[in-house]
Amino acid sequence: MRGCRARLLWLLVLSLAWLGPVLGGEEEEGGEVVAEEEEDEVLSDELGEEDGVLVLHEHNFARALSEHRLLLVEFYAPWCGHCQRLAPAFAQAAATLRNESGLAWLGKVDATAQVALAKEFSITAYPTLKLFRDGNRTHPLAYTGRMDAEGIVRWMRRRAGPSTTLLQDTDTTATFIGSQDLVVVGFFKDRGSEAAQAFYEVAGEVVDVPFGVAEAAELFEAYGLSADTVCLFKKFDEGRTDFPVDPARGLDAAELTRLLRVHSLELVMEFTNETSDQIFSAKIPHHMLLFLNKSSSEQLELRDGFRAAAGAFRGEVLFVVVDVAGYGADVLPFFGLTPADSPTLRLVKMENNRKYQMDQDAFSDTAIRAFVQAVLDGKVKPHLLSAEPPEDWDTRPVKVLVGKTFEQVAFDETKNVFVKFYAPWCSHCQEMAAAWEELGERYKDHEDIVIAKLDATANELENITIHGFPTLHYFPAGPGRKMVEYKSARDVETLSKFLENGGTLPEEPPAVPKTPENSTGREEPSPLGTAESRDEL
């Protein structure tokens, strides 16, 4: 995570929706000869390549499936930023897999040009990756791995070969367990049982950890087991975590996957370039953060109490140490902190990005446990960031709101208030900045209309959560604290029509007012950008 991504690392990644252009045909150019050449090219079933990746279209897709047992296809849009960033990693993965005796092939489809294929495979976001196996066109498998070269290669290797290693004796099992920092072994008295099949399903999905399976009675005895159990062996913390199979309910694949993800993490993580993806992909609902300066021996000692408190909340709260003088320095502004504020504690609720802090920092394990439990019980109010309002904030055509001034402006019952929630680094926000300023100029003399903006990276609101940028909300005059999300075109004329028509466009049905509590953002997501980041149609 670098650049803008590092500035807001603890923004929750929810639905990521960027507006894309409408699918349609390209303009004709070049006359009849060019058209004939293009038609000949499109109609050919030859398999061309770019950077080692098969270029697929409607007329060669069937041939590609017939010639390649495993074919991972990326459905992309040329304008999609996520697709552009994925391209070099996708090409690198293609080269690696082909060098492994043609283990698997990778292909790509421009879904904006190949509309029939996009429709056939229900492509609604970019990039979408699907695996086609043994020429089966009707049931492709959705890609669930990381969006980088190593992640793609690991995922495909697991799909190409057996997902587990059969362990038959104590020596082989001991060697397997010692081979990696993390190893999963399923002990099943019947490898054909439903529980074992669920285990194989998990092994196929969790591709970054080796999986073994044991059936021999001597192995049950050697590892102190009497019933079917999944064991996670690790070279840190407690060394081993067991997940017994419930005799009545069996083994739930989704729950086992979640437990393995949670317990594969160290009890206390340090936030680094190497661990950041693990921290966010674990999907643990709360993060408890200890900000300290690792160059201070006195502050380093605070980790003992922090660690002692962590065990009681495993799976529900992830405990993370952030070095304010190291890799963690870039996230300090997101919490309204500076290096001089360390040591200090913050808890982040990932669902809505709310931050909580103690009235006074106390670093004993007892104090930390009490604080975390109070937050979980809803007994602590979130700590909301707010910038100071500029002196001329209400004299400009576009009013500059901050957390402290938002409510008094947005919920003024005598005004219709149109607010742009933006991030300074957001390219979409930058592109519409001129239109928003022009809108402000157009309505600066209307007493009942206010055009405003709020930097959502520096200001937080108690009942409104912004997940994407820009987000536009309209607050109509009158009682009831109503709010309408604007989702149409961002040119001045369309925005004006929306305002003149009382918060809806003439050709559209009336928008459903929202309460601030259920608002969601759209457009450009936070820079956290995980493997799931995609552009929606």
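Check the entry above for the structure.
Since the structure is predicted, the reported quantities are computational estimates derived from the model, not experimental observations.

The rules we used
Residues numbered from 1 in each chain as written. Predicted model: local features only at pLDDT ≥ 70, side-chain atom pairs only at ≥ 80, totals over all residues. Heavy atoms only, no water. Helix = DSSP H or I, 4+ residues; strand = E, 2+ residues; numbered from the N terminus. Expected span 1.5 Å × (residues − 1). Contact = heavy atoms within 4.5 Å. Buried < 20%, exposed > 50% of the residue type's maximum accessible area, 1.4 Å probe, protein only. Pairing = 2+ DSSP bridges. Axes fitted to C-alpha atoms, helices over the stretch in contact; angles between N-to-C directions. Polar contact = N/O pair within 3.5 Å; in protein donor to acceptor, adjacent residues only side chain to side chain. Phe/Tyr/Trp six-rings, centres within 6.5 Å; stacked < 30°, edge-to-face > 60°. Lys NZ or Arg CZ within 6 Å of the ring centre and 35° of its normal.

Here the focus is helix α8 (residues 194-205). An ideal rise of 1.5 Å per residue puts 16 Å on 12 residues; α8 measures up with 17 Å between its terminal C-alpha atoms. Of the surrounding elements, those touching the buried residues of α8 are α6 (149-160), β9 (182-187), β10 (211-214), β11 (229-234) and α10 (253-263).

Time to look at helix α4 (residues 81-99). Taking 1.5 Å as the rise per residue, α4 with 19 residues should run 27 Å; its terminal C-alpha atoms sit 28 Å apart, in good agreement. Among the residues of α4, G81, H82, C83, L86, A89, F90, A91, A93, A94 and L97 are the ones counted as buried.

For sheets, the rule is that strands pair by backbone hydrogen bonds, running either parallel or antiparallel. The sheet built from five strands is open, its strands ordered β13-β15-β14-β16-β17 with mixed pairing. Lying at the two open borders of the sheet, with one neighbouring strand each, are β13 (268-270) and β17 (354-356). Each adjacent strand pair in this sheet contributes to an overall mean axis angle of 25°, direction not counted. In this fold helix α13 (residues 303-310) packs onto β13, β14 (286-292), β15 (317-323) and β16 (344-349), with an angle of close to 165° to the strand it touches most, β15.

The next point concerns the side chain of T112. Checked against the element boundaries, T112 lands in the loop between β4 (105-110) and α5 (115-120). Reaching out from T112, the side chain makes a polar contact with the side chain of D110 at a distance of 2.6 Å.

This brings us to the packing of aromatic side chains. One pass over the structure, following the stated rule, counts 28 aromatic pairs. Their ring planes at 75° and their centres at 4.8 Å tell us that Y486 and F498 sit as a pair that is edge-to-face. With Y486 in strand β23 (residues 484-486) and F498 in helix α17 (residues 492-500), the pair connects residues that are 12 residues apart, well separated along the chain. Each of the two residues, Y486 as well as F498, counts as buried. Sitting over the face of the ring of W155, R159 holds its NZ or CZ atom 4.2 Å from the ring centroid. The ring centre of Y422 lies 5.3 Å from the NZ or CZ of K420, which sits over that ring.

Reading across from one edge, β18-β20-β19-β22-β23 is the order of the five strands in this open sheet, with mixed pairing throughout. Pairing within the sheet leaves two strands with one partner each, and these edge strands are β18 (398-401) and β23. Direction aside, the axes of adjacent strands within the sheet are offset by 30° on average. With three bridges connecting them, strand β22 (residues 471-475) and β23 associate as antiparallel partners. Of the residues in β23, the one forming a bridge with L472 is Y486. The strands touched by helix α15 (residues 403-410) within the sheet are β18, β19 (416-422), β20 (449-455) and β22, with β19 carrying the most contacts at an inclination of about 150°. α17 contacts β19, β20, β22 and β23 of the sheet and is inclined by roughly 160° relative to β23.

Look at the link from Y126 to P127: it is a cis peptide, with omega at -15°. For P127, the position within the fold is in the loop between β5 (125-126) and β6 (128-133). Going from F469 to P470, the amide bond is cis rather than trans, its omega being -15°. Looking at the element boundaries, P470 is found in the loop between β21 (468-469) and β22. Despite not being glycine, S122 has its phi angle at roughly 55°, a positive value. Looking at the secondary structure, you find S122 in the loop between α5 and β5.

Position of E437 relative to the elements: it lies in helix α16 (residues 427-442). In this structure, the C-alpha to C-alpha distance between E437 and I451, residues 14 residues apart in sequence, is 8.7 Å.

Further remarks concern the pairing of β20. The element β20 is largely enclosed, with a buried count of seven among its seven residues. Here four bridges tie β18 to β20, and the two strands are oriented parallel to one another. Across the sheet, V400 pairs through a bridge with K453, a residue of β20. Bridge analysis of β19 against β20 gives seven bridges, and the strand direction is parallel.

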